[in-house]
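Here is how the chains run, residue by residue.
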Amino acid sequence: MSKLKALLWDVDGTLAETERDGHRVAFNLAFEAFGLPWRWDDARYGQLLQVTGGRERLMHDMNSRPDAPPLAGERDALARALHAKKNTLYAELVAGTGIPLRGGVLELMHECLDQGVRMAIATTTSRSNLEALMRKHMGERWADWFGAVVCGEDVQRKKPDPEVFVKAMQALGVGPLEAVALEDSPGGVAAARAANCPVIVTRSFYFAQAAVEGAIAVGLGLHTREGWRPAPGARSPQPNAGQDDRIRLADIADWFTQRDTISDYP
Ligand code: XBP
Ligand code: MG
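Just so it is clear, the model here is predicted, and its values are computed rather than measured. (Residues numbered from 1 in each chain as written. Chains lettered and ligands numbered in written order. Predicted model: local features only at pLDDT ≥ 70, side-chain atom pairs only at ≥ 80, totals over all residues. Heavy atoms only, no water.)

Focus on the coordination of the magnesium ion (ligand 2)
And step 1. Coordination sphere of the magnesium ion (ligand 2), protein contribution only: Asp10 (OD), Asp12 (O) and Asp184 (OD), at 2.1 to 2.2 Å.
And step 2. One chain supplies every donor to the magnesium ion (ligand 2), and in sequence these donors are spaced D-x1-D-x171-D. Comparing Asp10 with Asp12, the two get one shared label, buried. (Donors = N, O, S within 2.8 Å, 3.2 Å for Na, K, Ca; no water. Buried < 20%, exposed > 50% of the residue type's maximum accessible area, 1.4 Å probe, protein only.)

What follows is the structure, given as structure tokens:
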């Protein structure tokens, strides 16, 4: 049985509710800035998240809009311009008001740093979006925390393709069964599994009810020990009168070592 050597972090939905509070908001502001009547509400954006990549998502949406440019080349150019504007607006939003990290995220990262468990970022978002978010919460030297940072621009194929996880593990120098991925979306879970990387799911706003297959644990978030399947193990520190009721690195390590005896938690 191999030892847990690394955590691979998804970004949108896992580190923060950036889809709901950042990307969707910034897409709508970009539509407005371009004089377009298009707006994505939560229901529509939730559907559109099946398409990974913001520009690809825009193209997909335009393909079903009668008021989108008729020629594919024009749609492509508009999607690129809108996406660039969205990313600028997203970075401003994240640097300004900010979007809080989800509970337990920073604490788990600090545990990894303290205990020598390496970390990577494995995301299909644009590098500029990631940098804006991380700089806000971890400062200019944020990248020092991670042995690898793999973003949308670094891969040929975005999630659910495994490429982003394969590249992250290669860059860290760890094997597939030596790392755990933290994800929120079915596409992300599929990508990690296709890379032979055990995956833990923290439910996010848009994927709260989504079916996920083959995760070694599924829960509401790292901030609480309640509601996880399987329940955090007995070896882990117990809830502390509601003060620090979070999932710890020891819980992740437990799920990781139990992975041959548990499977397919819905
Ligand atoms: C989520 C994505 C991204 C974001 C938007 O990435 O699919 O496309 O929605 O970012 P992950 P971009 O969950 O892997 O972090 O507009 O830069 O694509
Ligand atoms: Mg995600």
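Still to come is the rest of the account.
Let's talk about empty space enclosed by the protein
And step 1. Scanning the entire structure with this criterion turns up one cavity of 30 Å³ or more.
And step 2. Roughly 30 Å³ of internal volume is contained in the largest cavity.
And step 3. In terms of lining residues, the largest cavity is bounded by Thr14, Arg102, Gly103, Val105, Thr202, Gly221, Leu222 and His223.
And step 4. The residue inventory of the lining of the largest cavity, partitioned by class, reads two nonpolar, five polar and one charged. (1 Å grid on protein atoms, 1.4 Å probe; cavity = no way out; pocket = protein on both sides within 12 Å on 5 of 7 lines; lining within 4 Å. Points joined across faces, edges and corners; volume = space filled by probe spheres on them. Nonpolar A, V, L, I, M, F, W, Y, C, P; charged D, E, K, R; others polar.)

A few points about the domain arrangement of the chain
And step 1. Annotation of the chain at the domain level lists domain 1 (6-17 + 101-261) and domain 2 (19-95).
And step 2. Each of domain 1 and domain 2 has a C-alpha centre, and these two points are 26 Å apart.
And step 3. Between domain 1 and domain 2, the residue contacts involve 15 residues of the former and 20 residues of the latter.
And step 4. For the pairing of domain 1 and domain 2, the buried interface totals around 1500 Å² over both sides, and the portion due to carbon and sulfur atoms is 54%.
And step 5. Contact with domain 2 buries surface across domain 1, with Glu17, Asn129 and Tyr206 losing the most and accounting together for 41% of the total.
And step 6. Summed over the shared surface of domain 1 and domain 2, the number is one salt bridge.
And step 7. As a salt-bridge pair, Glu56 and Lys158 come within 3.1 Å of each other at their nearest N and O atoms.
And step 8. The interface formed by domain 1 and domain 2 contains eleven residue pairs in polar contact (both at pLDDT 80 or more).
And step 9. Of the residues belonging to the side of domain 1 that touches domain 2, the class tally is five nonpolar, five polar and five charged. (Domains from an automatic or database assignment. Contact = heavy atoms within 4.5 Å. Buried area = accessible area lost by both parts, 1.4 Å probe. Salt bridge = Lys/Arg side-chain N within 4 Å of Asp/Glu carboxyl O. Polar contact = N/O pair within 3.5 Å; in protein donor to acceptor, adjacent residues only side chain to side chain.)

Section: the nonpolar core
And step 1. Counting 61 residues, the largest nonpolar core has Leu7, Trp9, Leu15 and Phe146 as the members making the most contacts within it.
And step 2. Counting residues per element, this core draws most heavily on helix α4 (residues 72-95), which supplies seven residues.
And step 3. Discounting residues that sit within four places of it in the chain, Trp9 has contacts with Thr14, Leu15, Val105, Leu108, Met109, Met119, Ala120, Ile121, Ala122, Phe146, Leu182 and Leu222.
And step 4. Among the nonpolar cores identified, the runner-up in size contains 25 residues, and Ala120, Val164, Met169 and Val212 belong to it. (Core = buried A, V, L, I, M, F, W, Y, C linked by side-chain atoms within 4.5 Å. Helix = DSSP H or I, 4+ residues; strand = E, 2+ residues; numbered from the N terminus.)

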